[in-house]
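Per-entry structural report
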Amino acid sequence: MRKKIYFINLLPIILISLNLRAPITSVGPIANLLQEYYGLNAAQVGLLTSLPLLAFGIVSFLVAIFQPIRAMFFGLLCIMIGELIRSAGGSIELFIGTAIMGSGIAIANVLLPSFVKAKFPREIPKIMGIYSLTLNISAAFGIIAIIPLTHIISLPLAFSCWGILALLAFISYLPQIRNRRILRPKQKDINAKTLFANIHAWKVTLFMGLQSSMAYSFFAWYPSFLIDFGFERIFVSRIMLMTQCIIVPLSLIIPLWLSSLRQKQRNIFIVVICMLYAIGYILLLLSHAMWLVIFASILLGIPIGGVFSIALLFISNKSDNVFIATKLSAMSQGIGYLMAAACPWMIGKFYDFYHNFTYAITTLIILGLLLNIVGYYTQKAPIIK
């Protein structure tokens, strides 16, 4: 019976996580196809990546108000409906469907860390590692699968394929609403204080925002960076595949490794892993030699795989209880993703204005250095009560 309950609680974490990145990361590899098919400019393609992040930011603040099971149920419905609308064929439907889908993903983003804390209180690093691993598999799947899909079926239909994952996640969550759980009133918060006045909550929030800005900018524009440097699409695809092979295992290894270290070792570990963002992009500015691009891509894959896992651990480990975890998740992801939403759009605007990516990469270097500082002080922050 315990194994059955364990599986029933773990399965929705895995299947819901598979829906949280693939529909977004699938935009970057086909940015040029989207421009041709829908008649979009670079800034509009950047906005297409930013729309889910805007939804993450806006919707995340509202999630903590509602009963969690009911909110997650509604969120999964939004993901499915959004996928259907954005595959209807027109550019208007593309943006509307993306916004609805992003709203559903935002709800799941906020609730899954507190779900993990509630269902697996003694296994948080392990389950967060599995959660982060699945998220990165989802991100990799979006990048790898979208181009072959566009060769087989039309572009709108290729986007609709993600709806199959949404349906599976919805089915896996149905046991959570049994016994009329979805109709139960929200439990009274044992700590009604707001986190907006808590400086340590702001550290977690800034860390989430900066790492999300770096990660989503990478997924949205890194292929375009390399193409602009003069590399062929086949080489770029191989670079992205290689990077994903680094990202995926590290998303599981990093949180487990971090949890096994002592406090001082954790501080050093976080400084080193965050600094790799800045080093990787500095190398891209120094030279476009093939070997250096490969090395820079390897360095960038390490923090992309590990830093998001660390951000998720901060949400759970820095929270005193499930109520605090839900509020901290809503605050950090709400404000954090609003910060991140500006980056892909801003990179597109830089390119439209300057016709190169030099200023965009310089901006990412600065953000990487800020992430390094914020990560150090977030790690040292006490538990939020």
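Above this text is the structure in question.
Below: a short report on this structure. (Residues numbered from 1 in each chain as written. Predicted model: local features only at pLDDT ≥ 70, side-chain atom pairs only at ≥ 80, totals over all residues. Heavy atoms only, no water.)

On to the overall build of the chain. For the chain, the count of helices and strands is 15 helices and zero strands. Rg of the C-alpha trace for the chain: 20 Å, near the compact-globule value of 21 Å for 385 residues, within the 12% margin. A principal-axis box enclosing the C-alpha atoms of the chain has dimensions of 55 × 50 × 35 Å. Counting only residues that meet the buried cut, the chain has 58% of its 385 residues in that class. Put simply, 85% of the contacts in the chain that link residues at least 6 apart link residues at least 24 apart. Taken as a whole, the chain presents about 16200 Å² of accessible surface, with 70% of it coming from carbon and sulfur. Considering the chain, the positive charge centre built from 28 side chains and the negative charge centre built from 9 side chains are found 21 Å apart. (Helix = DSSP H or I, 4+ residues; strand = E, 2+ residues; numbered from the N terminus. Rg over C-alpha atoms; globule rule 2.2 N^0.38 Å. Buried < 20%, exposed > 50% of the residue type's maximum accessible area, 1.4 Å probe, protein only. Contact = heavy atoms within 4.5 Å. Areas by Shrake-Rupley, 256 points an atom, 1.4 Å probe, with all protein chains shown as cover. Lys, Arg positive; Asp, Glu negative; His and termini not counted. Charge placed at Lys NZ, Arg CZ, Asp CG, Glu CD.)

Glancing now at empty space enclosed by the protein. One pass over the full model with this rule turns up one cavity of 30 Å³ or more. Here the largest cavity is characterised by a volume of approximately 120 Å³. Surrounding the largest cavity, R21, L135, N136, A139, Q211, S212, A215, Y216, F219, I304, F308 and Y337 form its lining. Here the element with the most residues in the lining of the largest cavity is helix α10 (residues 199-228); it accounts for five residues. (1 Å grid on protein atoms, 1.4 Å probe; cavity = no way out; pocket = protein on both sides within 12 Å on 5 of 7 lines; lining within 4 Å. Points joined across faces, edges and corners; volume = space filled by probe spheres on them.)

This next bit is on the nonpolar core. Counting 114 residues, the largest nonpolar core has I16, F207, Y222, F225, Y277 and Y281 as the members making the most contacts within it. The biggest single contributor to this core is α10, with 15 residues. Discounting residues that sit within four places of it in the chain, Y281 has contacts with M214, F218, Y222, F225, L300, I361, L364 and I365. Among the nonpolar cores identified, the runner-up in size contains 20 residues, and A22, V45, F95 and F159 belong to it. (Core = buried A, V, L, I, M, F, W, Y, C linked by side-chain atoms within 4.5 Å.)

This part covers the environment of L206. Tracing the backbone through its elements, the reader meets L206 in helix α10. Look at L206 and you get partly exposed, because its relative accessible area is 36%. On a C-alpha basis, the gap between L206 and T378 in space is 9.0 Å, while along the polypeptide they are 172 residues apart. Among all residues touching L206, those that are not within four sequence positions of it are M339 and V374.

Further remarks concern the packing of helix α6 (residues 91-119) against helix α14 (residues 322-354). Helix-helix packing: each pair is described by the crossing angle between the helix axes and the interaxial distance. It is the contact of α6 with α14, at a shortest axis distance of 8 Å, that shows an interaxial angle of 155°. Here α14 runs roughly antiparallel to α6, going by the angle between their axes. The two elements α6 and α14 meet at a crossing, and its hand is right-handed. Here N109, V110, P113, S114, K117 and A118 of α6 lie close against α14, whose contacting residues are V322, A325, T326, S329, A330, Q333 and Y337. (Axes fitted to C-alpha atoms, helices over the stretch in contact; angles between N-to-C directions. Parallel < 35°, antiparallel > 145°, perpendicular 65-115°, else oblique. Left-handed = near helix turned anticlockwise from the far one by under 90°.)

Empty space within the second largest pocket amounts to approximately 550 Å³. Along its surface, the second largest pocket is lined by 26 residues, and P29, I147, P223, I227 and R233 are the ones closest to its centre. Looking at the lining of the second largest pocket, the elements that each hand over two or more residues are α3 (31-38), α7 (124-152), α10 and α11 (233-259). In terms of residue count, the dominant contributor to the lining of the second largest pocket is α7 (six residues).

Attention now goes to the side chain of N109. Its location among the elements puts N109 in helix α6. N109 sits in the buried class, given a relative accessible area of 1%. Contact partners of N109, with chain neighbours within four places excluded, come to L20, R21, F56, Y131, S329, Q333 and Y337.

Time to look at the packing of aromatic side chains. Given two aromatic rings, their pairing is described by the distance between the two centres and the angle made by the two planes. Tallied over the full model, the rule gives 17 aromatic pairs. With 4.7 Å between their ring centres and 25° between their planes, F231 and F235 make a pair best called stacked. Each member of the pair, F231 as well as F235, is classed as buried. Taken together, the ring pairs connect F218, W221, Y222, F225, Y351 and F357 into an aromatic cluster. Above the face of the F159 ring, R86 is positioned so that its terminal group lies 4.1 Å from the ring centre. (Phe/Tyr/Trp six-rings, centres within 6.5 Å; stacked < 30°, edge-to-face > 60°. Lys NZ or Arg CZ within 6 Å of the ring centre and 35° of its normal.)

Okay, the side chain of S316 next. With respect to the element layout, S316 can be found in helix α13 (residues 290-317). S316 sits in the buried class, given a relative accessible area of 0%. If near-sequence neighbours (up to four positions away) are discounted, S316 is found in contact with P113, K117, I124 and M128.

With that settled, consider the pattern of salt bridges. Under the defined criterion, the tally for this structure stands at two salt bridges. E83 serves as the salt-bridge partner of R86, at 3.4 Å between the closest nitrogen and oxygen. Of the two residues, R86 and E83 both sit in helix α5 (residues 68-86), three residues apart, roughly one turn of that helix. Residue classification places E83 among the buried residues on the basis of a relative accessible area of 1%. Between K126 and E123 there is a salt bridge, with its nearest N and O atoms 3.4 Å apart. (Salt bridge = Lys/Arg side-chain N within 4 Å of Asp/Glu carboxyl O.)

A few words on a nonpolar patch on the surface. Among the surface-exposed residues, L47, L54, I58, F61, L62, I65, F66, F196, W202, L338 and W345 lie close enough to one another that they form a single nonpolar patch of about 990 Å² accessible area. The set of elements that each furnish at least two residues to the nonpolar patch consists of α4 (42-63) and α14. Ranked by residue count, the leading element in the nonpolar patch is α4, at five residues. Structurally, I58 can be placed in helix α4. A relative accessible area of 54% places I58 in the exposed class. (Patch = residues over 30% accessible without salt bridge, like charges linked within 9 Å, V, L, I, M, F, W, Y side chains within 5 Å.)

Turning next to α11. Given a rise of 1.5 Å per residue, 27 residues ought to cover 39 Å, and the 39 Å separating the end C-alpha atoms of α11 matches this to within 8%. Helix geometry: α11 is bent most strongly at L250, by close to 40°. (Expected span 1.5 Å × (residues − 1). Bend = angle between axes of the 7 residues up to and from the residue.)

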